[in-house]
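Here's the letter readout for the chains.
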Amino acid sequence: MADAKVIPFDEDRPRRRIPRRVRALSVPEPVEPPQAPEPAPEPAPSGSGDGWDRRIAGGLAFLRRRITGDYEVDEFGYDKELTDQVLMSLMRPLYDKYFRVEVRGIENIPAEGGALIVANHSGTLPLDGLMLQVAVHDRHPAQRHLRLLAADLVFMLPVVNELARKAGHTLACAEDAQRLLEAGELVGVMPEGFKGIGKPFGDRYKLQRFGRGGFVSTALRAGTPIVPCSIVGAEEIYPMVGNAKTLARLLGVPYFPITPTFPWLGPLGAVPLPTKWTIQFGEPIPTAGYAAEAAEDPMLMFNLTDQVREQIQHTLYKLLVQRRSVFF
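One structure accompanies this document, and this report is about it. (Residues numbered from 1 in each chain as written. Predicted model: local features only at pLDDT ≥ 70, side-chain atom pairs only at ≥ 80, totals over all residues. Heavy atoms only, no water.)

Summarising burial for strand E3 (residues 146-150): 5 of the 5 residues are buried, a large majority. Of the two faces of E3, both are covered, the one formed by Leu 146, Leu 148 and Ala 150 as well as the one formed by Arg 147 and Leu 149. Where E3 lies against strand E4 (residues 170-171), 2 bridges are found, and the strand directions are parallel. Among the inter-strand pairings, Ala 150 is bridged to a residue of E4, identified as Leu 171. Regarding the hand of the β-α-β motif, the stretch spanning E3, helix H4 (residues 160-166) and E4 is right-handed. (Buried < 20%, exposed > 50% of the residue type's maximum accessible area, 1.4 Å probe, protein only. Helix = DSSP H or I, 4+ residues; strand = E, 2+ residues; numbered from the N terminus. Pairing = 2+ DSSP bridges. Right-handed = clockwise from strand over helix to strand, strands pointing away.)

Put into structure tokens, the structure is as follows:
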């Protein structure tokens, strides 16, 4: 085996001595200043770019379903998609900006299951029912839909008939109301009827007769709670100072209102006054604890009807004392 070759470490070269006091100084390399991070791209403002694209696409899809008939209505003619995307959107500016509705006691409406909401009726034209519908949908955490019971006249008018059905309204009869309640729907009724919305301005906020208590019988049969509701502000939108009864009979309507602006200003007189509204839902009155035959007890009907009416009237007076102005 060959010997390994040894590589000398410059043994023959003279070694140089470095003085102890001399030190080699290393010059530091120039350091570049840190660069600022690139700013993140700003998000596109809402309502522009992709937002508008989504809206346009959604609108086109909605129109396509309308044209092709690819949408659903229930047995009463209620069209949920049309109500949410069109009808509610049309009523919401009136609710938010014009009447500036304040809602109280929305927690008294159950989150699920059937319930009967009983409210006072006023205003010459039934705008209070529409505002009540928006209030329940927009203010309730579950965004529940209110199915209003309407008078026969509503379903005899062209265009109005179709819109009412699409918005979830149905005929004010016990059979339809009970079917809706048993299906877990919120049902709204205004027992004063035309006597409420057609009363003179001097009788504002004085509840009219509540009928024979048919709404109580319906709630008892369905075993659903009754939620009293008081609406302040609707009485002043069309101050009714007179009633042209002869003209009303010729037109086949319950009354023909005369207000300080209508019919004197023509179509402009039909614009409601911008009053400030308050809608308050009271504590529910349970009915599930009654026996099945309780719906046939006239004394019980009278007592429950009177209890609901008194609660609504008392709340109306309380709200009137609290409000600062009709318009603010």
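From this point, the discussion proceeds with the structure in view.
Our next topic: empty space enclosed by the protein. By the definition in use, this model includes 1 cavity of 30 Å³ or more. Of the volumes computed, that of the largest cavity is approximately 40 Å³. Along the walls of the largest cavity sit Gly 123, Thr 124, Ile 197, Lys 199, Pro 200, Phe 201, Glu 235, Tyr 238 and Met 240, which together make up its complete lining. For the lining of the largest cavity, a count of residues per class yields 5 nonpolar, 2 polar and 2 charged. (1 Å grid on protein atoms, 1.4 Å probe; cavity = no way out; pocket = protein on both sides within 12 Å on 5 of 7 lines; lining within 4 Å. Points joined across faces, edges and corners; volume = space filled by probe spheres on them. Nonpolar A, V, L, I, M, F, W, Y, C, P; charged D, E, K, R; others polar.)

Among the residues making up helix H5 (residues 174-182), those that are buried are Asp 176, Ala 177, Leu 180 and Leu 181. Each buried residue of H5 lies within a common arc of 130° when the element is viewed along its axis, so the set occupies one face. Among the exposed residues of H5, those oriented more than 90 degrees off its buried face are Glu 175 and Glu 182. Looking at the packing, one finds that the buried side of H5 touches strand E2 (115-119), E3, E4, strand E5 (186-189) and helix H7 (214-222). Just past H5, the residue Gly 184 takes up positive phi, approximately 90°. (Arc of directions from axis to C-beta. Contact = heavy atoms within 4.5 Å.)

Once that is clear, we can look at the packing of H7 against helix H9 (residues 298-322). Where H7 meets H9, the closest approach of the two axes is 9 Å, and the angle between their N-to-C directions is 105°. With respect to their mutual orientation, H7 and H9 come out roughly perpendicular. Listed contacts from H9 to Phe 215, Val 216, Ser 217 and Leu 220 of H7 are Leu 300, Met 301, Leu 304, Thr 305 and Val 308. Across the contact of H7 with H9, the residue classes tally to 7 nonpolar, 2 polar and no charged. (Axes fitted to C-alpha atoms, helices over the stretch in contact; angles between N-to-C directions. Parallel < 35°, antiparallel > 145°, perpendicular 65-115°, else oblique.)

Following Phe 262, the chain continues to Pro 263 via a peptide bond in cis, the omega torsion being 5°. Of note, Pro 263 is situated in the loop between strand E8 (257-258) and strand E9 (278-281). Here the phi dihedral of Arg 100 falls at roughly 50°; this positive angle occurs in a residue that is not glycine. Here Arg 100 lies in the loop between helix H2 (80-98) and strand E1 (102-104).

Shape is all these values report; function is a separate question.
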